[in-house]
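If you want the building blocks of each chain, they are given just below.
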Amino acid sequence: METVNAAVVGLVLGYILDLLLGDPAWFPHPIILFGRMITRCEKLLRRGGFLIVKGAFGVFLLVGITFALFFGLMHWATMLPFGAQVAIMALFVFYGLANHTLIWEVRNVFRELEKNIDSGRAAVGRIVGRDTAALTDAQIRKAALETLSENLSDGVVAPLFYYALLGIPGMMTYKMVNTLDSMWGYKSDRFIFFGRAAARLDDVANFIPARLTALLMTIVSFSGRSFSYVVRFGSKHTSPNSGYPEAALAGILNCQFGGGSFYGGVFHRKPAIGYSDRVLTLVDMQRATRVNHAVTLVAIIIISITLTLLP
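Residues numbered from 1 in each chain as written. Predicted model: local features only at pLDDT ≥ 70, side-chain atom pairs only at ≥ 80, totals over all residues. Heavy atoms only, no water.

Q: How would you explain unusual backbone geometry if you had to name every residue and give the values?
A: Most of the time, phi is negative for any residue but glycine, and the peptide bond is trans. A positive phi angle, close to 50 degrees, is found at Phe 222, a residue other than glycine. With respect to the helices and strands, Phe 222 occurs in the loop between α9 (207–221) and α10 (224–233). (Helix = DSSP H or I, 4+ residues; strand = E, 2+ residues; numbered from the N terminus.)

So this is what it looks like as structure tokens:
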């Protein structure tokens, strides 16, 4: 019972830390270590032939090491006093959540856009993968809110989902999977074969969390239109998962996401999600960020109650 209580208290404290601090640049973060591990692994493996097999081996190795490392850490933590257990869990929940930083970045896009369009392009370029040099004001706003909805799943609900299932080892292993996808999961000449396993594993890992995110978004917003958009447009996205939270937010805001974008100078056409192709406003951004906060809080409450009631 004490271990479960530590998990609950650590979860709540970690959530509060993320709410207050985000990801301060001066504070060391395991994702930096993950990135270095991934880069080193790529240098060792991405050469010669059999790149799909080598990429899959790299993914298996890095994911396995991450789970084993944190499983060992948390097994050791169970032998520590209750307060130390809570502190360790809170620290890694804090590392695992990205809601504060995500919301700050999206708000910053709208702030910078008020100065001039070049500042807005630079700000949105920090959080999207598409080319931003020629984006219009309306496209910048849309890109920022699309990213907000997608990353509510990747950066909040998915880590919490795996925390609920497997504790800190599950949460941090998911973060490794997500980091692998962000570094290797591109359809470029460099990664089209080597990064295939990373992209596929990320798709699998996010399958349930993306749909849970969309459901929570419709619930906290009390939006019937949002639910109908999820049903109609969720599967229309080129990604097997991103369309669900995007459709939920499009329904909440009564707007349209999707359409074409340039990536690496190549135009990629995407299906439209929603009907009203209107220009998004500051009020829309504020409403969207409130949805993010509400979804995060509800997820924390549900997981806390579930862990408390477990035998």
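Back to the text.
Q: Would you mind going over the packing of helix α7 (residues 137–184) against α9 in detail, with residue names and values included?
A: Where α7 meets α9, the axes come as close as 8 Å, and the angle between the chain directions of the two elements is 110 degrees. The angle between the axes of α7 and α9 places the two elements in the roughly perpendicular class. Residue-level contacts link Ser 149, Leu 152, Ser 153, Val 157, Ala 158, Phe 161 and Tyr 162 of α7 to Ile 208, Pro 209, Ala 210, Leu 212, Thr 213 and Met 217 of α9. For the contact of α7 with α9, the per-class residue count stands at ten nonpolar, three polar and no charged. (Axes fitted to C-alpha atoms, helices over the stretch in contact; angles between N-to-C directions. Parallel < 35°, antiparallel > 145°, perpendicular 65-115°, else oblique. Contact = heavy atoms within 4.5 Å. Nonpolar A, V, L, I, M, F, W, Y, C, P; charged D, E, K, R; others polar.)

Q: Which residues make up the side chain of Asn 99, and what values go with them?
A: Within the secondary structure, Asn 99 sits in helix α5 (residues 99–115). On the accessibility criterion, Asn 99 (3% relative accessible area) is buried. A polar side-chain atom of Asn 99 sits 3.4 Å from a polar atom in the side chain of Thr 296. Each residue touching Asn 99, except ones within four places of it in the same chain, is listed here: Asp 18, Leu 152, Gly 155, Val 156, Asn 292, His 293 and Thr 296. (Buried < 20%, exposed > 50% of the residue type's maximum accessible area, 1.4 Å probe, protein only. Polar contact = N/O pair within 3.5 Å; in protein donor to acceptor, adjacent residues only side chain to side chain.)

Q: Residue-level account of α10, with values.
A: If you check which residues of α10 are buried, you get Ser 226, Tyr 229, Val 230 and Phe 233. For α10, the angular spread of the buried residues around the axis is 100 degrees, confining them to a single face. Exposed and oriented more than 90 degrees from the buried face of α10 are Gly 224 and Val 231. Its buried side turned inward, α10 meets α9, α11 (243–253) and β4 (272–273). (Arc of directions from axis to C-beta.)

Q: Could you give an account of the nonpolar core, with specific residues and numbers?
A: Leu 145, Tyr 163 and Trp 184 are the most contacted members of the largest nonpolar core, which has 85 residues in total. Broken down by element, the residue count for this core peaks at 21 residues, all from α7. (Core = buried A, V, L, I, M, F, W, Y, C linked by side-chain atoms within 4.5 Å.)

Q: An account of the side chain of Asn 178 is requested, with residue identities and associated values reported.
A: Residue placement: Asn 178 occurs in helix α7. Relative accessible area serves as the criterion here: at 18%, Asn 178 is assigned to the buried category. If we skip the residues at most four places from it in the chain, Asn 178 touches Asp 154, Asp 202 and Asn 206.

Q: Before we move on, could you go through a nonpolar patch on the surface and cite the residues and values that matter?
A: A cluster of nonpolar residues, Val 9, Val 12, Leu 13, Ile 16, Leu 17, Leu 19, Leu 20, Leu 21 and Phe 82, forms a patch on the protein surface that exposes about 680 Å² of accessible area. Looking at where Val 9 falls in the secondary structure, it is placed in helix α1 (residues 2–21). Under the relative-accessibility criterion, Val 9 is labelled partly exposed at 33%. (Patch = residues over 30% accessible without salt bridge, like charges linked within 9 Å, V, L, I, M, F, W, Y side chains within 5 Å. Areas by Shrake-Rupley, 256 points an atom, 1.4 Å probe, with all protein chains shown as cover. Salt bridge = Lys/Arg side-chain N within 4 Å of Asp/Glu carboxyl O.)

Q: Would you mind going over the environment of Phe 82 in detail, with residue names and values included?
A: Positionally, Phe 82 belongs in helix α4 (residues 82–96). Put simply, Phe 82 and Tyr 15 are 67 residues apart on the chain and 19 Å apart in space, counted from C-alpha to C-alpha.

Q: Would you mind going over the packing of aromatic side chains in detail, with residue names and values included?
A: Inspection of every chain in the model, using the stated rule, returns 14 aromatic pairs. Pairing Tyr 162 with Tyr 174 gives two aromatic rings, centres 5.5 Å apart and planes at 10 degrees, and the pair type is stacked. Here the two residues Tyr 162 and Tyr 174 agree in accessibility, since each one is buried. Each ring, one from Tyr 229 and one from Tyr 275, has its centre 5.7 Å from the other, and the planes form 85 degrees; the classification is edge-to-face. Residue Tyr 229 is found in helix α10, and its partner Tyr 275 is found in the loop between β4 and α12 (282–309); the two are separated by 46 residues along the sequence. (Phe/Tyr/Trp six-rings, centres within 6.5 Å; stacked < 30°, edge-to-face > 60°.)

Q: Would you mind going over the environment of Ala 299 in detail, with residue names and values included?
A: You can see Ala 299 is positioned in helix α12. Ala 299 sits 222 residues away from Ala 77 along the chain, and the two C-alpha atoms are 25 Å apart. With sequence-adjacent residues up to four places away left out, Ala 299 is seen in contact with Leu 160 and Leu 216.

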